[in-house]
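# Understanding the architecture of this molecule
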Amino acid sequence: MTELLVRAWKVAALLVLLQSLIAAQLPSRSGHPNAVVVPLSEEGEKVPQWQPRHVHLAYGQNTSSVVVTWSTLSPTTESVVEWGVDLFDLNTRTAGNSSVFVDGGSLASTQYIHRVHLNALQPSTTYYYHVGSSNGWSAVFGFKTAANAGEKPLRLAVYGDLGVTNAQSLTRTSGTAQNQWYCTAPVVLHSTQGTVLCRLQQEAHEGMYDAVLHVGDMAYNMDTENGSVGDAFMDQIESIAAYLPYMTCPGNHESAYHFSQYRSRFSMPQYEVTESLYYSFNMGLVHFIALSTEVYYYGALREINKQYQWLLQDLQAATSPAARAERPWIIVYGHRPMYCSTRDQDDCTNHNCRTRVGLPLLHWCVAARTGVLLLELVCCCWNWCVAAGTGVLLLELVCCCWNWCVAAGTGVLLLKLVHWYGLESVLYEYGVDLAIWAHEHAYERLYPIYNYTVLPGLDHPYVNPRGPVHFTTGSAGCNEKLDDFKLVQPEWSAVRINEYGYTRLTVHNASHLYWEQVADDQVGGSRWRMTRDSWWTQCGWYGMNTAASSAPHRHSGKPLLFMRSTTHR
């Protein structure tokens, strides 16, 4: 009898093992390890999935307002956040709304995005919350609001180009694990050779940051495999984004289906109007402006014009005497840089980069006098045409070439090539202090610059600089690995680092800001994290506020601090 029981146990164990092996070889519906498999009832009907997932935060117009966003796979009767200052007494209940999001892929995967606004938050206060409905609740999360402007330093983590695979800046290797990450839970990731702990999660939970800036390119890509890679990414960042405002802007890897994954999943300030593509908000002593650089490559002319006009109005308000006295720092961030010295032939390596100088458009002009040698664009013109079958009037560019000609007399109508909607002149005119970019999978810090001319401060490059300081921080880690630099470093490029890493930004007060780049691919013992570049800058507004002054002016102040760019631990 005992022998029969032993045999039966062995047979049962073998069947279980065989079943697990077969299941492991079967692809999920989308082929991705994080693909959602919808459970079915005995009758074959879908079982409702009301459990909240992908919880993340974003600030509103300022730090007294937070938008909580999450997702469910099934519609719920309500969208609610219960919150308070006591972990065990969530005594405030705030309702919001939900909307359906259908992915553009072949499966038309559907989920429901929930948004709730928490208002009248107090500064430097810790709040606890959970999200959901009577159908199901999330775990309890917490966040701390930023302090009042100037009361304490403002600290942020900054990076771009973070994917689900090879997410170096989100993870910390254990043992000899290689760069083969995939996400199976919000807290613990796994590699093919070891366990991986969330690095930025640890720093976020230690209270190191007040917010995160993710400067475009997420998941690689959010639409891949019918959106399951996007789901994996939202799972992956929840361990940070549910505790810190996770402020984003779109990159080229979000462009599928007219950026629908990005527009639907995130809720940045003014998202009701701009769909999180561009926006601004105030935090501490800083006015932050997020831009969509992608509109210059994927957008229609009317979309470029809309963002451009919005930017002018926003900067006019931010540089009024009262606003600049309250928030002396202006920081702009977007995905594609205006300058770079990498070898990949991206637009930022071109002198007439679109985001820097604008789009090339033709302009009619009249020759001022006779005998002037002009460069004329001939056999090339903008031609109005009607789209077949639609009646829509379109503007198309037909056959072009350049030709030298002499103006025959006054009043000659000529075509002139000009650039519209360039951003660099706007940033310079309004005295933007920092311009943060990504896209290039490397780190590069520039000297203060305008139109390829270095404009350092009188006593030190970063003490009262006379132009914006540009940074590229796109080496957080993705499946496309790192980008190489050109052999010769341009004179306007101060520091170049070809290593995985992310950036820490600290605004100490109204006059001093500190920035450091942290390397992530230093493995082994206590050397897994190293500071590779760090510097201080002293605030100095060089730009022109046309509403307040007719000439540029600079803040006065003592050059108390200095830049350091040597490697140290």
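Located above this text is the structure these notes cover.
Quick summary incoming for the structure in this document. (Residues numbered from 1 in each chain as written. Predicted model: local features only at pLDDT ≥ 70, side-chain atom pairs only at ≥ 80, totals over all residues. Heavy atoms only, no water.)

Counting its regular elements, the protein chain contains 10 helices and 36 strands. For the protein chain, the accessible surface area stands at approximately 25300 Å², while carbon and sulfur atoms represent 55% of it. (Helix = DSSP H or I, 4+ residues; strand = E, 2+ residues; numbered from the N terminus. Areas by Shrake-Rupley, 256 points an atom, 1.4 Å probe, with all protein chains shown as cover.)

On to the sheet that holds strand β5 (residues 97-102). Sheet architecture is open: four strands sit in the order β1-β2-β6-β5, paired in antiparallel fashion. The open sheet terminates on both sides in strands that have one partner only, identified here as β1 (53-59) and β5. Along the sheet, successive strands turn relative to each other by an average axial angle of 20 degrees, direction set aside. Inspection of the sheet shows β5 paired to strand β6 (residues 110-118) by six bridges, in the antiparallel sense. Its bridge partner being in β6, V102 is matched across the sheet by T110. The strands that helix α3 (residues 228-241) touches are β1 and β6; relative to β1, the one it contacts most, it runs at about 55 degrees. Here helix α4 (residues 256-265) sits on the sheet and contacts β1, β2 (66-72), β5 and β6; the angle it forms with β6, its principal contact strand, is near 45 degrees. (Pairing = 2+ DSSP bridges. Axes fitted to C-alpha atoms, helices over the stretch in contact; angles between N-to-C directions. Contact = heavy atoms within 4.5 Å.)

With that out of the way, let us pick up unusual backbone geometry. A cis amide bond links Y220 to the next residue, N221, at an omega of -5 degrees. Residue position: N221 is located in the loop between β17 (218-219) and α3. With a phi close to 60 degrees, A120 is a non-glycine residue in the positive phi region. Mapping A120 onto the fold places it in the loop between β6 and β7 (126-133). The phi angle at N166 is positive, at roughly 60 degrees, despite the residue not being glycine. Here N166 is to be found in the loop between β11 (162-163) and β12 (171-172). Classification of N166 as buried rests on a relative accessible area of 0%. (Buried < 20%, exposed > 50% of the residue type's maximum accessible area, 1.4 Å probe, protein only.)

On to the side chain of Q307. With respect to the helices and strands, Q307 occurs in helix α7 (residues 301-318). For Q307, a relative accessible area of 3% gives the class buried. Non-local contacts of Q307, meaning those with residues more than four positions away in its chain, are made with L277, Y278, L291, S292, V295 and Y296.

Applying the stated criterion across every chain, the model contains one disulfide. Sulfur-sulfur distance for the disulfide between C340 and C348 comes to 2.0 Å. What sets the handedness of the C340 and C348 disulfide is the S-S torsion sign, and at about 80 degrees it is right-handed. Since its relative accessible area comes to 4%, C340 is described here as buried. (Disulfide = S-S within 2.5 Å.)

Along its 14 residues, α3 runs 19 Å from first to last C-alpha, staying within 8% of the 20 Å computed at 1.5 Å per residue. Judged by how many residues are buried, α3 sits mostly within the fold: 13 of 14 residues are covered. (Expected span 1.5 Å × (residues − 1).)

A few words now on the pairing of strand β20 (residues 286-290). With respect to burial, β20 is a largely interior element, five of its five residues being buried. Linking two consecutive strands that pair antiparallel, namely strand β19 (residues 279-283) and β20, is a turn of two residues; a positive phi of about 60 degrees is found at G284 within it. Taken together, the five bridges between β20 and strand β21 (residues 329-333) define a ladder with parallel strand orientation. Looking at β21, one finds that V286 is bridged to W329.

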